Amino acid sequence: MDILFVASECAPFVKTGGLADVIGAVPKSLAVAGARVRVLIPSYPGLQDLASDGTTVARFDDLFGGQAEIKAASAEGLELLLLVAPHHFSRAGNIYLGADGQDWPDNHLRFAALSYAGAEIAKNGVDAWKPDVVNVHDWQAGLLPAYLAQSSKTAPPVVMTIHNISFQGLFDASQLKNLKLKREMFTTDRVEYYGRISFLKAGIALSDRITTVSPSYACELLTPEFGMGLHGLLQARRKDLSGILNGIDLDVWNPETDPHLAKTYSVRSLKRREANKREIETTFGLRRSDGPLFCVISRLTSQKGLDLLLDCLPGLVAERANLALLGSGTSELEQKFLAASKQNPDQIGVIIGYDEPVSHLLQGGSDALLIPSRFEPCGLTQLYGLRYGTLPVVARTGGLADTVIDANEAAIAANCATGFQFAPINATMLGQAIARACAAYRQPGMWSGMMRRAMRHPVGWNASSAAYLRIYAGLAAGRDQD
Ligand code: ADP
């Protein structure tokens, strides 16, 4: 089975969130199951050296405003197809945003270029390789099946994976021609969305199958509350929609070998975590406490519900707990957390920014991880938390509901709890969940039992990559019979 992935991020090369982690991990797991995955991503500045050493496998004289080529290269166990298009991707800073914090004004052309290049590979192959199936990820790759649909050439089936439906790639209808889309594509069953062009809608409407990243989110997407305007289309395509839980890269996120920890540890040597906790206290300027150390590793946006946490800080402080927060996002939230830390520097430490090593350290030394998201397609940080024994305190939504077993009376009696869930999603219930976690922490036997159970909870990719393979194989077999 030969599979082409098309995405805008891939860890460890370029990452703004969980999408990158998934794109960096699934191909390795699929390879173990005998599939070959090649990943098409833009060649951003950080990938330039890799691209220079790569082999040119395709050229474009004019890819939405400039020359471009695709370079094949291998690194970190991944087979990459790097889209070298300097006019679109050789820019410093965030891959989606300019220095002003706004979307790059030509994002539609940049990611149309990615989708178009992917469609060309799907139709024509590269270096004598042709995919059996194409898997496009999120809106940035959403136009790929539209380019296939308007071409007369036969092409492999396409799977669209929705990692987060709140990012839809919406652009003005006047861009249709600039996006190389034919007039007939601008209909409600194709790319048109309330008078505009939606890359994500195109992907959902025109792909053969649709997946999303947890079973609960797959159900939620069918509702007006979570489907964000696309629930009707998804309901119509319900039989083609599956929820497949994300996993994590067990080599990269392994407390026994993690180079970012002051001390590595295993389920049999939990005491060694103390050194990591001390390191966190030093890094965040916190005073040692007999209460639990909570952490947050997150984008600071309204999705993540961290405004609710602001309301709970007095309660957390009164419990003699500490908080270490690593995140970046809206300046309002950044400022409010910085102010909270200034007011209570011994117990609340805040680092604004994106820091991969510190994110690992927080997982390796905190007691609990707070994730009060208003919606969460899957969420990866709680999976890292489970693996590292940092018990997740999560809103009961999407993938968070699917992966954390709440420490309610029944789960405690049955010895199966791995964290704390709360619902409805508001500050009162988050405050109660924090209080429950603090109470559990004061029962060391119970807490360490939960830690051990969490660390043994399966969070790898095996089961989920097998589910993806079944979908790919079904599509490829169907196409063979056509
Ligand atoms: P999302 O993709 O919605 O941001 P996920 O939980 O799926 O949320 O994935 C977030 C990923 O980004 C995780 O790997 C997490 O560790 C990482 N991350 C988020 N914020 C930061 C940060 N400020 N510094 C380092 N890593 C971060």
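Owing to the predicted nature of the structure, the values given are computational and were not obtained by experimental measurement.

Caption draft 1: Region of interest: the pattern of salt bridges. Taken as a whole and judged by the stated rule, the model has 21 salt bridges. Among the salt bridges present, the one from Asp 346 reaches Arg 287, with a minimum N-O distance of 3.1 Å. Of this pair, Asp 346 sits in the loop between helix H12 (331–343) and strand S15 (348–352) while Arg 287 sits in the loop between helix H10 (273–284) and strand S13 (293–300), and the two are 59 residues apart along the sequence. The exposure class of Asp 346 is partly exposed, given its relative accessible area of 33%. A salt bridge links Glu 319 to Arg 442; the nearest nitrogen and oxygen atoms lie 3.2 Å apart.

Caption draft 2: A look at the packing of aromatic side chains. Following the criterion strictly, the structure yields 15 aromatic pairs and no others. Arranged with centres 5.6 Å apart and planes meeting at 80 degrees, the rings of Phe 64 and Tyr 116 form a pair that is edge-to-face. Here Phe 64 is found in the loop between strand S3 (55–60) and strand S4 (68–75), whereas its partner Tyr 116 is found in helix H4 (residues 107–124), with 52 residues between them in sequence. A ring pair is formed by Tyr 96 and Phe 111, whose centres lie 5.9 Å apart and whose planes are at 50 degrees; its orientation type is tilted. A residue pair is termed long-range when its members are at least 10 positions apart, and Tyr 96 in the loop between helix H3 (86–89) and H4 and Phe 111 in helix H4 qualify at 15 residues. Under the relative-accessibility criterion, Tyr 96 is labelled buried at 14%. Residue classification places Phe 111 among the buried residues on the basis of a relative accessible area of 0%. Feature note: the residues Tyr 44, Phe 89, Tyr 96, Phe 111, Trp 139, Phe 171 and Phe 199 constitute an aromatic cluster, connected by ring pairs.

Caption draft 3: Region of the structure containing unusual backbone geometry. Of the consecutive residues Ala 11 and Pro 12, the connecting peptide bond is found in the cis state with omega at 5 degrees. Considering the arrangement of structural elements, one finds Pro 12 in the loop between strand S1 (2–6) and helix H1 (18–32). Positive phi, normally seen in glycine, also occurs at Asn 415, with a value near 55 degrees. Relative to the helices and strands, Asn 415 is located in the loop between helix H16 (409–413) and strand S18 (420–422).

Caption draft 4: How the structure looks around the pairing of S1. Among the 5 residues that make up S1, 4 are buried, leaving the element largely enclosed by the rest of the structure. You can see the chain leave S1, run along H1 and come back into strand S2 (residues 36–42), and the turn it takes is right-handed. Two elements, S1 and strand S6 (residues 133–137), share 4 bridges in a ladder whose sense is parallel. Pairing of Ile 3 across the sheet is with Val 133, part of S6.

Caption draft 5: Region of the structure containing the domain arrangement of the protein chain. Its domain assignment divides the protein chain into domain 1 (2–247 + 462–476) and domain 2 (270–456). Each of domain 1 and domain 2 has a C-alpha centre, and the two are 32 Å apart. Facing 20 residues of domain 1, the contacting portion of domain 2 comprises 18 residues. Between domain 1 and domain 2 lies a buried interface of about 1,300 Å² when both sides are counted; carbon and sulfur atoms form 60% of it. Remark: the boundary between domain 1 and domain 2 carries 1 salt bridge. Where Glu 356 meets Lys 15, a salt bridge forms, and the shortest distance between an N and an O atom there is 3.3 Å. When residues of the side of domain 1 that touches domain 2 are traced back to their parent elements, those giving at least two are H1 and helix H7 (215–220). Broken down by element, the side of domain 1 that touches domain 2 gets its largest block of residues, 4 residues, from H7. Residues that form the side of domain 1 that touches domain 2 fall into these classes: 8 nonpolar, 9 polar and 3 charged.

The rules behind each value
Within each chain, residues carry numbers counting from 1 in the order of the written sequence. Owing to the predicted nature of the model, reporting of local features is limited to residues with pLDDT of at least 70; listing and counting of side-chain atom pairs is limited to 80 or more, with chain, interface and lining totals taken over all residues. Computation of side-chain values: all heavy atoms of the structure, hydrogens and water removed. By salt bridge we mean one thing: a side-chain nitrogen of Lys or Arg within 4 Å of a carboxyl oxygen of Asp or Glu. Secondary structure elements follow DSSP: runs of H or I no shorter than four residues count as helices, runs of E no shorter than two count as strands, and numbering proceeds from the N terminus. A simple rule labels every residue: compare its accessible area, found with a 1.4 Å probe on the protein chains alone, to the largest value its type can have, and call it buried under 20%, exposed over 50%, or partly exposed in between. Only Phe, Tyr and Trp rings take part, Trp by its six-membered ring, and two of them pair if their centres are within 6.5 Å. Stacked means planes under 30 degrees apart, edge-to-face means over 60, and tilted covers everything else. When the strands point away from the viewer, a crossover counts as right-handed if the route from the first strand across the helix to the second turns clockwise. Here the rule is simple: two strands pair whenever DSSP picks up at least two bridges between them. Segmentation of the chain into domains, including their bounds, is taken from an automatic or database domain assignment. For this analysis, residues touch if any pair of their heavy atoms sits within 4.5 Å. For any pair of parts, buried area is found by adding up, for both, the accessible area (1.4 Å probe) each one loses once the two are put together. Put simply, Ala, Val, Leu, Ile, Met, Phe, Trp, Tyr, Cys and Pro go in the nonpolar bin, Asp, Glu, Lys and Arg in the charged bin, and everything else, Gly too, in the polar bin.

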